[in-house]
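Structural overview
Here is what each chain is made of, one letter per residue.
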Amino acid sequence: MRQFLTVDDIGDVDSALTEARILKRNPHGFSYLGKNKTMILLFFNSSLRTRLSTQKAARNLGMEVIVLDVNKDSWKLESEYGVIMDGDKPEHLREAIPVIGSYCDIIGIRSFASLTDKEADYTEELINQFIEFSGVPIVSLESATRHPLQAFADLFTIEEYKRKSKPKVVLTWAPHPRALPQAVANSFVEWMKVSDVDLVVTHPEGYELDPSLMEGVKVEHDQKKAFENADFIYAKNWSSFTHYGQILSKDRSWTVDEEKMALTNEAYFMHCLPVRRNMVVSDGVIDSSRSIVIPEAANRVVSAQVVLKRMLEKL
Ligand code: CP
């Protein structure tokens with residue numbers, strides 16, 4: 001595996017889940033693979049889970065890890081080609097990327113959507129430049145439009161907790177004070193579509209996701225109806241795709257609360273975290289025995305380890 005950006009890069013999902021189970025049971029069983037290998041994690045945006053879980057996964061595999069917070073600890077990087085560099089950015093990505101690649105065997109990158117330029121975001125300009133110029137395998141630690149390590153961990157968590165072969169999984173939009181990317185929702189839909197689940201997406205009008213991703217996916221605008229008989233409720237905010245990056249609603253009647261969870265089939269509550277309590281989800285729901293947000297976050301180590309193991313095996 002030379003890149004991990006979308007569900008297409010994982011191949012057969014059942015094999016990936018089997019590998020995840022093996023690595024969860026025996027996290028240090030493949031530590032020989034990363035001997036004398038280095039991973040660099042680059043953060044263009046804040047992170048708690050991705051930063052720590054990917055470091056842990058890489059170390060479980062025997063790798064050295066270097067973490068760089070690009071905005072805080074490095075030169076400001078110019079990304080535009082052909083620009084006269086007389087501004088405040090002293091280094092161009094065209095040099096920085098191969099330099100970083102020369103220091104390591106795998107690069108992980110956390111970027112963030114601009115939420116102003118849909119075309120630039122959806123063509124994944126930054127991460128594609130790393131693929132082109134770094135010379136090493138690239139792992140998305142969340143790009144402008146996808147969060148594949150999160151979605152892989154989400155799927156693995158659903159597999160661990162499901163009580164029937166084809167559970168009903170509901171992805172629900174929830175209110176948030178800031179405009180957020182569609183990355184988590186996009187990846188969640190992509191990974192659920194290739195899995196044996198009954199997926200329903202619920203959101204207010206205007207929050208339709210990228211139509212090219214939503215082909216064949218059930219959408220129900222009545223959130224309470226969508227929750228009926230659900231086995232998993234996955235809450236997430238995203239900003240508008242059509243009115244790109246705009247907040248169209250902060251309607252707290254969409255907050256996931258105890259009353260709505262009572263409509264479900266004793267569903268488990270999931271969220272990628274960080275989560276805004278009493279905006280996205282009530283204290284009562286996230287603190288209940290049905291909330292699996294902590295084991296879900298713990299599984300981020302497992303998803304990262306499957307991906308890194310496969311990359312190390314191909315180096
Ligand atoms: N869920 C997730 O990616 O969390 P961080 O932003 O803290 O990494």
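Residues numbered from 1 in each chain as written. Predicted model: local features only at pLDDT ≥ 70, side-chain atom pairs only at ≥ 80, totals over all residues. Heavy atoms only, no water.

**Some details on the domain arrangement of the protein chain**
Cut-off, in case you're wondering: Bear in mind that the domain bounds are from an automatic or database domain assignment. Joining two parts hides part of their accessible area as seen by a 1.4 Å probe, and the buried area is that hidden amount summed over both. The salt bridge definition used is simple: a Lys or Arg side-chain nitrogen within 4 Å of an Asp or Glu carboxyl oxygen. We define a polar contact as two N or O atoms separated by no more than 3.5 Å, with the added condition that, inside protein, one atom must be a possible hydrogen donor and the other a possible acceptor, whereas residues neighbouring each other in sequence contribute only through side-chain atom pairs. Helix and strand assignments follow DSSP, with helices taken as H or I runs no shorter than four residues and strands as E runs no shorter than two, numbered in order from the N terminus. Gly is put with the polar residues, along with every residue not named as nonpolar or charged; the nonpolar set is Ala, Val, Leu, Ile, Met, Phe, Trp, Tyr, Cys and Pro, and the charged set is Asp, Glu, Lys and Arg.
When its domains are assigned, the protein chain resolves into domain 1 (3-146 + 298-314) and domain 2 (151-296). Centre-to-centre, using C-alpha coordinates, domain 1 lies 26 Å away from domain 2. Across the domain 1 to domain 2 interface the summed buried area is about 2,500 Å²; carbon plus sulfur atoms make up 66%. Counting the surface domain 1 buries against domain 2, the share from its top three residues, L115, Y122 and R146, is 25%. Between E159 and R21 there is a salt bridge, with the nearest N and O atoms lying 3.8 Å from each other. The tally of links from domain 1 across to domain 2 stands at 15 residue pairs in polar contact (both at pLDDT 80 or more). Counting residues per element, the ones that place at least two in the side of domain 1 that touches domain 2 are α1 (13-25), α5 (118-122) and α13 (293-313). If you tally residues by element for the side of domain 1 that touches domain 2, the top one is α13, at 7 residues. Among the residues making up the side of domain 1 that touches domain 2, the classes are represented as 16 nonpolar, 6 polar and 9 charged.

**Considering the site of the ligand**
We apply this condition: Throughout, near means a residue has at least one heavy atom within 4 Å of the molecule or strand. Here, Shrake-Rupley sampling with a 1.4 Å probe gives the accessible areas, and only protein chains in the shown set may cover a residue.
Within the structure, the ligand sits among S47, L48, R49, T50, R110, H147, Q150, C272, L273 and R300. The backbone of C272 places a nitrogen or oxygen atom 3.0 Å from a nitrogen atom of the ligand. Here L273 contributes a backbone N or O atom positioned 2.8 Å from a nitrogen atom of the ligand. Bound to the protein, the ligand loses 93% of the 260 Å² it would expose on its own. When the residues that make up the shell around the ligand are grouped by side-chain class, the tally is 3 nonpolar, 4 polar and 3 charged.

**Notes on the sheet that holds strand β10 (residues 218-219)**
The line we're drawing: DSSP calls a pair of strands paired once it identifies at least 2 bridges connecting them. The criterion used for residue contact is that any of the two residues' heavy atoms lie within 4.5 Å. To get an axis, fit a line to the C-alpha atoms, keeping to the stretch in contact for a helix; angles then go from 0 to 180 degrees between the N-to-C directions.
Read across the open sheet, the 5 strands follow the order β10-β9-β8-β11-β12; overall the sheet is parallel. Edge positions in the sheet fall to β10 and β12 (268-270), since each has one partner strand and no second. Pairing of strand β9 (residues 198-202) with β10, which is carried by 2 bridges, proceeds in the parallel orientation. The partner of V201 across the bridge, within β10, is V219. Of the strands in this sheet, β8 (168-173), β9 and β11 (232-236) are in contact with helix α8 (residues 183-193), which crosses β8 at around 165°.

**Brief notes about the packing of helix α2 (residues 49-60) against α13**
When two helices pack together, their arrangement is given by the angle between their axes and by how far apart the axes lie. The test is simple: Here the word oblique covers every angle except those under 35 degrees (roughly parallel), over 145 (roughly antiparallel) and from 65 to 115 (roughly perpendicular). For any helix crossing, the convention is left-handed if the near helix is rotated counterclockwise from the far helix by under a right angle, and right-handed if that rotation is clockwise.
In the contact formed by α2 and α13, the axes pass within 8 Å of each other and the chain directions differ by 50°. Taken together, the axes of α2 and α13 lie oblique to each other. The hand of the α2/α13 crossing is right-handed. Facing R49, T50, S53, T54, K56, A57, A58 and N60 of α2, the residues of α13 in contact are A297, R300, V301, A304, Q305 and L308. The residue makeup of the contact of α2 with α13, split by class, is 6 nonpolar, 5 polar and 3 charged.

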